[in-house]
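This is what each chain is made of:
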Amino acid sequence: MKTSLQKIHPSNWKEHSSASTWLIVDWDGDYFKQNKELVPDKTGGCCVYIPATRPQGIDVSRCSAQIHSKEPLEITSLGLRRNAWRPAQGIGQCDAILFPTSDKSGDAFLLVETKYSEREESWQEYKKHALKQITDTISQLSERGCPIGERNLFGLISFPLLNEIGASVFSHEELADILKEHGVQIYVGNSATFENSQTIKF
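Below you will find a few notes about this structure.

Here is what the cut-offs are and how they apply
- Residues numbered from 1 in each chain as written.
- Predicted model: local features only at pLDDT ≥ 70, side-chain atom pairs only at ≥ 80, totals over all residues.
- Heavy atoms only, no water.
- Pairing = 2+ DSSP bridges.
- Helix = DSSP H or I, 4+ residues; strand = E, 2+ residues; numbered from the N terminus.
- Axes fitted to C-alpha atoms, helices over the stretch in contact; angles between N-to-C directions.
- Buried < 20%, exposed > 50% of the residue type's maximum accessible area, 1.4 Å probe, protein only.
- Phe/Tyr/Trp six-rings, centres within 6.5 Å; stacked < 30°, edge-to-face > 60°.

### Structural notes on the sheet that holds strand β1 (residues 11-15)
(1) Moving on: Pairing within the open sheet is mixed, and its six strands lie in the order β1-β5-β6-β7-β8-β9. The sheet terminates laterally at β1 and β9 (184-188), the two strands that pair on one side only. Within the sheet, the average angular offset between the axes of one strand and its neighbour, ignoring direction, is 15°.
(2) Moving on: As paired strands, strand β5 (residues 75-79) and strand β6 (residues 96-100) are joined by five bridges and run antiparallel to one another. When the sheet's bridge partners are listed, glycine 79 is paired in β6 with alanine 96.

### A closer look at the environment of glutamate 15
(1) Moving on: With respect to the secondary-structure elements, glutamate 15 resides in strand β1.
(2) Moving on: By relative accessible area, which is 41% here, glutamate 15 ends up partly exposed.
(3) Moving on: Separated by 53 residues in sequence, glutamate 15 and histidine 68 have C-alpha atoms that sit 16 Å apart.

### So, the sheet that holds strand β4 (residues 65-73)
(1) Moving on: In space, the five strands of this open sheet follow the order β3-β2-β4-β10-β11, with mixed pairing throughout. Taken across any chain shown, the strands that pair with only one partner, and hence form the sheet edges, are β3 (46-49) and β11 (200-201).
(2) Moving on: Relative to β11, strand β10 (residues 191-194) runs antiparallel, the two being bridged by two bridges. For phenylalanine 194, the partnering residue across the bridge sits in β11 and is isoleucine 200.

### Quick word on the packing of aromatic side chains
(1) Moving on: According to the stated counting rule, one finds nine aromatic pairs in the structure shown.
(2) Moving on: With a centroid separation of 5.2 Å and 75° between ring planes, the pair formed by tyrosine 31 and phenylalanine 32 is classed as edge-to-face.
(3) Moving on: Using a relative accessible area of 1% as the deciding quantity, one classes phenylalanine 32 as buried.
(4) Moving on: Each ring, one from tyrosine 187 and one from phenylalanine 202, has its centre 5.0 Å from the other, and the planes form 10°; the classification is stacked. A residue pair is termed long-range when its members are at least 10 positions apart, and tyrosine 187 in strand β9 and phenylalanine 202 in the segment after β11 qualify at 15 residues.
(5) Moving on: A relative accessible area of 33% places tyrosine 187 in the partly exposed class.
(6) Moving on: Through successive ring pairs, a cluster of aromatic residues spans Trp27, Tyr31, Phe32 and Tyr116.

These figures capture arrangement, not role.
Spelled out as structure tokens, the structure:
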């Protein structure tokens, strides 16, 4: 998996030492475009931090998707550069990808899309677009030879600035259809937990 992903020239590649919490911040999100003073110098794209490495002086816990692990786990994270699939047009891409650094068949593979709206009703507007960004990423990685068919796929659509997200963003029927068509378990919320290297619970 690592070799295949490196061929698409990802951004912010990081192999994290063993940890139990990771914070995902998309510095290119609309919120940070309007609050540029919050963005650390020489930082861009979607970054993943463990608490000890998060930028100083910025409360990133308020503006991040949070990933946890029941037991300490070594995680590899990366972002995708803008227009990662060029010259293809109109194809989406998610913000971040995380997976166990062990990089074994059957491991969990988490695709994260963040939306930095502060409007409570915004999840209704963004859910289809965010889903497309995740499923487009899956199809494009598969076309480029990444062995994602050998991984357990999970997708997190996060609204880091919202505390409350609609409980039924996707119906049970929609979730079943997404799993059947794309092979990915989707959740809308601001956190996810690695139960172990192969399973993620929302």
